[in-house]
Amino acid sequence: MIRIYTVFSVLHEIPLTDRQWLEKDSAGFRGAMERCPHCGAKGCLKDFGQYGRYLIELEAGEASVHPVEIKRYRCTSCRHTHALLFSCLVPYRSYTLRFILTVLYSCFGKQKTVEQISTDFGIAASRLYEWKKLFMKHKEVWLGVLKSLYRSETSFLSWPT
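Computed from a predicted model, the values in this text were never measured in an experiment.

Across 13 bridges, the pairing between strand S1 (residues 45-59) and strand S2 (residues 62-75) is antiparallel. Following the sheet pairing, glutamate 59 is matched in S2 by glutamate 62.

Right, here's the structure in full:
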């Protein structure tokens, strides 16, 4: 037997809501200690404001919309600005990673038809196909994010490579 999407099974076992996941990630970030993603300078990221966006997550099987603030940083070395996006957020999307993966699980698991999935999750069929294409392009990164969240740091590091 070949199991391709086994990590989907842990989606419902993660004890945090997506908003709690975002808060947990943001609590551990220290801009002054991080490297600039553009020039690599360490300790040069300074607060540069924030902007609002929406986080759409699943709560009790229903889509739930919440406003969140995204922090921005500016590198004092190269002057580039950077938005701080966390593991549960997908760049340029409002839906959280777990929401998207839950929808894809229904699709790949052949549990429901496209029409049923669209109705149940309140999304258009075209969005589902867009997510399938995006998933196939970024599968390794997304699955790694879930494995990282599900496992403790110690057990994650002790995984055989």
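A separate point is the pairing of S2. Counting the residues that bridge the hairpin from S1 to S2 gives two residues, and of these alanine 60 lies at a positive phi of roughly 55 degrees. Relative to strand S3 (residues 81-83), S2 is paired through three bridges, and the arrangement is antiparallel. Paired with arginine 72 across the strands is alanine 83, a residue of S3. In this antiparallel pair of consecutive strands, S2 and S3, the connection spans five residues, and arginine 79 shows a positive phi of 70 degrees.

Since the α-helix turns once every 3.6 residues, residues separated by three or four places project in the same direction. Its twelve residues give helix H2 (residues 97-108) an end-to-end C-alpha distance of 16 Å, which sits within 8% of 16 Å, the value for a rise of 1.5 Å per residue. With ten of twelve residues buried, H2 is to be regarded as a mostly interior element.

It is worth spelling out the sheet that holds S2 at this point. A sheet is described by the order of its strands in space; here three strands give the open sequence S1-S2-S3, paired in antiparallel fashion. Each of the sheet's edge strands pairs with one partner strand only, and the pair in question is S1 and S3. Shown here is a sheet whose adjacent strand axes are inclined to one another by a mean of 20 degrees, direction ignored.

Further remarks concern the side chain of threonine 96. For threonine 96, the location among the structural elements is in the loop between S3 and H2. By relative accessible area, which is 0% here, threonine 96 ends up buried. Engagement of the side chain of threonine 96 in a polar contact is seen with the side chain of aspartate 18, the distance being 2.6 Å. Those residues in contact with threonine 96 that sit more than four places away from it in its chain are Asp18, Leu55, Ile56, Glu57, Cys88 and Val90.

The nonpolar side chains of a soluble globular protein tend to be buried, and buried together. Ranked by size, the top nonpolar core spans 34 residues in total, and within it Tyr95, Phe99, Val103, Leu104, Ile123, Leu128 and Trp131 carry the most contacts. Those elements giving two or more residues to this core turn out to be helix H1 (18-27), S1, S2, H2, helix H3 (114-121) and helix H4 (125-150). Here the element with the most residues in this core is H2; it accounts for seven residues.

What counts, and where the lines are drawn
Residues numbered from 1 in each chain as written. Predicted model: local features only at pLDDT ≥ 70, side-chain atom pairs only at ≥ 80, totals over all residues. Heavy atoms only, no water. Pairing = 2+ DSSP bridges. Helix = DSSP H or I, 4+ residues; strand = E, 2+ residues; numbered from the N terminus. Expected span 1.5 Å × (residues − 1). Buried < 20%, exposed > 50% of the residue type's maximum accessible area, 1.4 Å probe, protein only. Axes fitted to C-alpha atoms, helices over the stretch in contact; angles between N-to-C directions. Polar contact = N/O pair within 3.5 Å; in protein donor to acceptor, adjacent residues only side chain to side chain. Contact = heavy atoms within 4.5 Å. Core = buried A, V, L, I, M, F, W, Y, C linked by side-chain atoms within 4.5 Å.

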